[in-house]
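Architecture and fold: a report
What follows is the residue order along each chain.
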Amino acid sequence: MKKLMILLFLVLTLKAHAQTIEEAIQKTLSQFNPGDRTATMAAVNRFDLIAKKWNTDWVSHYYAAYAKTIAGATETDMTKKSQFFNEAEKSLEAAKENGAAENDEVYALLAMISSNRIGLDPEAWQKHMEVYNANLRKAKQLRKENPRIYYIEGISKFYTPEAYGGGKKNALIYFEKAEEYFKKETKNDILKPYWGQEHNETMLKGCRE
Amino acid sequence: MRLLISFLLFIIASLDCVSQPTITGKITDQQGNSLPGASIYILNTLDGVSANSEGTYTLVTFEKGNQVVVVSSIGYESINRSIILENKIYTLNLKLKEAVGELDEVVISAGTIEATNDRKVAVLRPLDIVTTAGAAGDIIGAIQTLPGTTRVGEQTGLFVRGGDASEANVIIDGMVVQNFFTSDVPGIAQRSRFSPFQFKGTSFSSGGYSVRYGQALSSVLELSTNDLPAKSNVNVGLNMSGLFGSVAKVFGKNSLEVTGSYINVAPFYNLASTNFDFYKAPEGVSGSMRWVHKNGDKSLFKLLVSHGGFSSGTEIPDINNASQRFRFGIKNSNTYSNASYLQNINSKLYSFSAVSFGRNVDDINFGATPSKTEEWRLQGRTELGFEINNNLQLLSGAEWQRFSVKRNFDTFNSGFDEKQTSIYTELEWKPSRKFGVKSGLRGEHSDLLNQFAISPRISAAYKVGKQSQVSIASGVFYQNPNNRYLLANKLASFQRAIHYIANYQWITDKQTFRVEGYYKSYDRLVRELNEPFNPNAFRFISGDIDNSGNGFAQGIDVFWRDRKLVENLDYWVSYSWVDTQRLFENFTTRATPTFISDHNLNVIAKYFVEPLKVNIAATYTFATGRPYYNPNSAEFLNDRVPHFENISLNISYVTTIRKVFAVFYAGVDNVTNRKNIFGYRYSTDGVQRFPIEPALYRSVFVGMSSSLSAFNRDEL
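Note that the structure is predicted; figures quoted are calculated from it, not measured.

So, on to the overall build of chain B. A tally of regular secondary structure across chain B gives five helices and 41 strands. Dimensions along the principal axes, computed over C-alpha positions, put chain B at roughly 120 × 55 × 45 Å. Sorting the 716 residues of chain B into buried and exposed places 35% on the buried side. Looking at chain B alone, contacts between residues at least 24 apart form 61% of all its contacts between residues at least 6 apart.

Helix and strand content of chain A: ten helices and zero strands. From first element to last, N terminus to C terminus, chain A shows the α and β order α-α-α-α-α-α-α-α-α-α. The dimensions of chain A, computed from C-alpha atoms along their principal axes, are 70 × 35 × 35 Å. Within chain A, buried positions represent 42% of all 209 residues. For chain A, long-range pairs separated by at least 24 residues make up 60% of all intrachain contacts whose partners lie at least 6 apart in sequence.

Judged by pairing direction, the sheet is antiparallel, and its four strands sit side by side in the order β3-β2-β5-β6 (chain B) without closing on themselves. At either end of the open sheet lies a strand with only one pairing partner, and these are β3 (48–50) and β6 (79–85) of chain B. Adjacent strand axes in the sheet meet at a mean angle of 20 degrees when their direction is disregarded. When strand β5 (residues 65–72) of chain B meets β6(B), the two strands line up antiparallel, connected through seven bridges. Of the residues in β6(B), the one forming a bridge with V69(B) is R81(B). Contacts between helix α3 (residues 37–53) of chain A and the sheet are confined to β2 (39–42) and β3 of chain B, with β3(B) contributing the most and set at about 155 degrees to the helix.

Time to look at the pairing of strand β18 (residues 254–264) of chain B. Residue and element names in this part refer to chain B. Inspection of the sheet shows strand β17 (residues 242–251) paired to β18 by ten bridges, in the antiparallel sense. Residue pairing for β18: V247 is matched across the bridge by V258. Taking the residues that link successive antiparallel strands as the turn, the β17-β18 hairpin has two residues, and the phi of G252 there is positive, at about 60 degrees.

Residue and element names in this part refer to chain B. Taken in spatial order, the five strands of this open sheet run β9-β14-β15-β12-β13, and their pairing is mixed. Whereas interior strands pair on both sides, the edge strands pair on one side only; in this sheet they are β9 (112–115) and β13 (175–176). As paired strands, β9 and strand β14 (residues 199–205) are joined by four bridges and run antiparallel to one another. Bridge pairing in β14 links I113 to F204.

With that settled, the discussion passes to the domain arrangement of chain A. All names here are of chain A. As assigned here, chain A comprises domain 1 (16–100) and domain 2 (102–209). A C-alpha centroid distance of 19 Å is found between domain 1 and domain 2. Between domain 1 and domain 2, the residue contacts involve 21 residues of the former and 13 residues of the latter. Of all the elements in the fold, those that place two or more residues in the side of domain 1 that touches domain 2 are α2 (21–31), α4 (58–74) and α5 (78–100).

As a further point, take the confidence of the model for chain B. Residues and elements named next belong to chain B. Residues of chain B with pLDDT of at least 70 account for 94%, and the chain-wide mean is 89. When the criterion is pLDDT under 50, residues 711–716 qualifies, and its contacts beyond four places in sequence or with other chains add up to three contacts. Scoring of the predicted complex yields 0.79 for pTM and 0.83 for ipTM.

At the interface, 33 residues of chain A touch 27 residues of chain B. If you list the elements that add at least two residues to the side of chain A that touches chain B, you get α1 (2–16), α3, α5, α7 (125–142) and α9 (168–184) of chain A. Considering each element in turn, the side of chain A that touches chain B owes the most residues, nine residues, to α3(A). A class-by-class count of the residues in the side of chain A that touches chain B yields 15 nonpolar, eight polar and ten charged.

Bringing the pairing of strand β24 (residues 392–409) of chain B into the picture now. Residues and elements named next belong to chain B. Pairing of strand β23 (residues 369–389) with β24, which is carried by 18 bridges, proceeds in the antiparallel orientation. Following the sheet pairing, T373 is matched in β24 by R407. Here β23 hands over to β24 after two residues, the two strands then running antiparallel side by side. Two elements, β24 and strand β25 (residues 412–432), share 18 bridges in a ladder whose sense is antiparallel. Across the sheet, residue G397 finds its bridge partner in β25, namely Y424.

Another point: the confidence of the model for chain A. Residue and element names in this part refer to chain A. Considering every residue of chain A, the mean pLDDT works out to 87; 91% of them sit at 70 or more. Ranking the elements of chain A by mean pLDDT puts α1 last with 51 and α4 first with 94. pLDDT under 50 marks residues 10–16. Its contacts with residues more than four places away, or in other chains, come to one contact.

Residue and element names in this part refer to chain A. Between α9 and helix α10 (residues 197–208), the least distance of the axes is 9 Å, while the angle of their chain directions is 145 degrees. As for how α9 packs across α10, the hand of that crossing is left-handed. In this structure, α9 contributes K168, A171, L172, F175, E176, A178, E179 and F182 to the contact, and α10 contributes Q197, N200, M203, L204, C207 and R208. Across the contact of α9 with α10, the residue classes break down as eight nonpolar, two polar and four charged.

Let us now look at the environment of I677(B). Residues and elements named next belong to chain B. In this structure, I677 sits in the loop between β38 (660–669) and β39 (679–682). What makes I677 partly exposed here is the crowd of 19 C-beta atoms within 10 Å. Distance from I677 to F357, taken between C-alpha atoms, is 38 Å for residues 320 residues apart in sequence. Discounting chain neighbours no more than four positions away, the residues touching I677 are V641, P642, P691, I692 and E693.

Attention now moves to α4(A). For α4(A), which comprises 17 residues, the first-to-last C-alpha distance of 25 Å matches the rise-based estimate of 24 Å (1.5 Å per residue) to within 8%. With 15 of its 17 residues buried, α4(A) lies for the most part within the structure.

Turning next to the nonpolar core. Within the largest apolar cluster, 61 residues are counted, with the highest numbers of intra-cluster contacts made by Y63(A), A67(A), L109(A) and A111(A). No other element matches α4(A), which puts ten residues into this core. In this structure, A67(A) is in contact with F32(A), A43(A), V44(A) and F47(A), ignoring residues within four places of it in sequence. Membership of the second largest hydrophobic core comes to 55 residues, among which are I113(B), I172(B), V185(B) and I545(B).

Further remarks concern the packing of α2(A) against α3(A). All names here are of chain A. At a minimum axis distance of 9 Å, the contact between α2 and α3 shows a crossing angle of 170 degrees. As the angle between them shows, α2 and α3 are arranged roughly antiparallel. The interaxial crossing formed by α2 with α3 has left-handed handedness. Every residue of α3 that contacts α2 at I21, A24, I25, T28 and Q31 is listed here: A39, A42, A43, R46, F47 and I50.

This part takes up the environment of E87(A). With respect to the helices and strands, the residue E87(A) is situated in helix α5. Along the backbone, E87(A) and G72(A) are 15 residues apart, and their C-alpha atoms lie at a distance of 9.6 Å.

Now for the environment of T28(B). Residue and element names in this part refer to chain B. Residue placement: T28 occurs in strand β1 (residues 22–29). Residue T28 is classed as partly exposed on the basis of its 18 C-beta neighbours within 10 Å. Spatially, the C-alpha atoms of T28 and L96 are 6.3 Å apart, while their sequence positions differ by 68 residues. The residues contacting T28, other than those within four sequence positions of it, are N33, S34, L35, G55 and K95.

With that settled, consider unusual backbone geometry. Residue and element names in this part refer to chain B. Phi at D173 is positive, roughly 45 degrees, even though this residue is not glycine. Take D173: there are 20 C-beta atoms within 10 Å of it, and that puts it in the buried class. Of note in the backbone geometry, K613 takes a positive phi value of approximately 55 degrees without being a glycine. Counting through the fold element by element, K613 comes out in the loop between β33 (599–609) and β34 (614–623). Exposure remark for K613: the 16 C-beta atoms within 10 Å place this residue in the partly exposed category.

Quick look at α10(A) now. All names here are of chain A. Under the 1.5 Å per step criterion, the end-to-end length of α10 is 16 Å for twelve residues, consistent within 8% with the ideal 16 Å. Listed in full, the buried residues belonging to α10 are N200, M203 and C207. Each buried residue of α10 lies within a common arc of 65 degrees when the element is viewed along its axis, so the set occupies one face. In α10, those exposed residues whose orientation departs by more than 90 degrees from the buried face are E198, T202, K205 and R208. Taken together, the buried residues of α10 touch α8 (147–158) and α9.

The rules behind the values
- Residues numbered from 1 in each chain as written.
- Chains lettered and ligands numbered in written order.
- Predicted model: local features only at pLDDT ≥ 70, side-chain atom pairs only at ≥ 80, totals over all residues.
- Helix = DSSP H or I, 4+ residues; strand = E, 2+ residues; numbered from the N terminus.
- Buried ≥ 20, exposed ≤ 12 C-beta atoms within 10 Å, placed from the backbone.
- Contact = placed C-beta atoms within 7 Å.
- Pairing = 2+ DSSP bridges.
- Axes fitted to C-alpha atoms, helices over the stretch in contact; angles between N-to-C directions.
- Domains from an automatic or database assignment.
- pLDDT = per-residue confidence, 0-100.
- Nonpolar A, V, L, I, M, F, W, Y, C, P; charged D, E, K, R; others polar.
- Left-handed = near helix turned anticlockwise from the far one by under 90°.
- Expected span 1.5 Å × (residues − 1).
- Core = buried A, V, L, I, M, F, W, Y, C linked by C-beta atoms within 7 Å.
- Parallel < 35°, antiparallel > 145°, perpendicular 65-115°, else oblique.
- Arc of directions from axis to C-beta.

Set out below in structure tokens:
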């Protein structure tokens, strides 16, 4: 019975306990599953709420943008895809306005969005490529050890037709470079984004096959 | 014990539920389709849920009292609902309205077809221009497949809606280009001097164009050059008419581009059977330099300087004696420069300024007669754009041009020097996303003619459906008399055209349907007085002229493009019907001019064979026979040549060899080797007639181009 009381107490305190931004982000991230549409949308919505609550913290907007980017990338409807990317860019604008104007993660994610837009709107690839390159350049300038930069470049190369300089072989060097930096990355502070390693490994394997 | 714990937990959980406010319901769109993934939350809290795959949700919250529930979904307008929360279950079913996006905003577009990457949905993309079969990579070749145009195989220039080549102006970055085409060789249509790859946007107006431009009775083709290249790169090209190379280097916000080319058309002409004897195939060298500075969205500076020359010798039918041929030799030198600066002063105000200078010299041997034409044009433009409020935009500017043409034909010297000053202002009013009006005034003054004229113009568009809109446009357009009169020192007043255009357009990202009807009235056209008709375009003008000419043009243009029917297939069909007559120049009565085909049809198809990385393109052109002058006919310009037909094929293969991106291409023009005839010329006594033939029948063109983008392993 004592055990039960403790449990009861625990349940009640947990319910009443106010979450910190770290906990909120961590919890949402752990439930985020790009393969499951419902879970993805739940994460997108959740991150939006987090961004509204901690709206002066750039990282809250960053994660909102991250979730929307992934949701856009995994969406099949062309119009919706583009809407997700528009929303993601808006969130990154908010991140910039709240202390991340010179943050490499923001520019890396912006590059990822442009690279996705090429697939969405291939005829305007030159325009998107220009934005993609500018953002990658800026991200590298700010912190060239950011593994996500090379991971994003790898993904972009991977999905570029071989005739245009893409393909597995050309993508591999980028994933390898990303791997090297992912290994050096400390992954203990959620406020310093560290996503991507797992998928990078999958892509590495895919490229080496 | 375990069971007990579980049971108790269950009790706690369910107690929890009833002791908390609960909102449940379904989120749908206006049509009642569920919206999975919609977000339902209490404003200013972390309490929120997502709608499941059926669009239903259950939101349990700790919040009580006066609260706001927000429902949002990407692509829809959010709804806020005030609610007083108690420990109860509430049902809240909501319908969301679709948010209006870029697609839904009206675009004032009557008379204009744009090829651009800047808009999400466009009739054409710049790349479409380059890849049109039969255009041989020439912008004009591709524009001539659009509705409203007629391809006139033996004459240089753009013929639009009943207008002759002199009635169309080509503009690059806001500046008129005086010698857009390679210098004329009588009887052979010339290509443009500019590579299509240097333009990011093409806007072709077949009527009713903006007050920014004037001095063109029918049409304006507006080209905008590229901004900063995405990356430093090196390009090399080789084809049957020459070599081409360019280097572009990007330094942060700046880029420098240098190009050079060597043209020698001999290999191309040798392989084709030519109707004319090219005793000296066109050969030339040219080079250009371009500087671009782009400071984000704040400012954009572009400078282009190019210089080139060529020489050629062609044996052409004698202009004065139809049965004879004579040698036409030309040596050309051309310089063109353009500098423009766009500055966004703040989010509401921008300024644009540009200057350009062009000079062209043709040294011609007209049979045994030496002739020299020297022309230049200097111009400047400055304008301000101001956003008065969300739906009102004002544009005002001024333009100044000075140009001069001098011609020595043997011992005859002629020439003129003209200064034109124009001011313009235009107001764009979009009271809603569905409706917009643009109206403007342009005042232009000619120093040579000592005349001032005001042209009012207006266009409006109304969105009738999600993807469709109707638009109308009207305007007054003035133009100087043709250079041939000014050169002979025969002055008259401005000629005038008034356009009325109505357009319906339906456009999605994969399909476009566009139909446009127009009526154009011409008056004050230049007429030669007391002259018998003479079909010779190089005739000597000796008599007086006045502005007593007039005419009209009416027609319907239809355009259909589809990229949905078959994957990787893109095709478009353009059809134009034109009915036009005029009394001008040395016409004796009102008649349809010789450059008109009543019905024009173009079918363009492009298919990408994905596994082979091969692009196949085909263009079919059909045009009904044009009028020709028969001195023996009782009625003036009443005879018609047989119809024109042409099939072109193009095949290109894209590949990467190491780090080099390469395109190999081959094309055949006039696949069936059809003997098209453009008209007839008669001997002076009118007994013998000679067909006017194209320079080439079937011809083959092969080439490649490759590009290497800067790749630096350290950059990795």
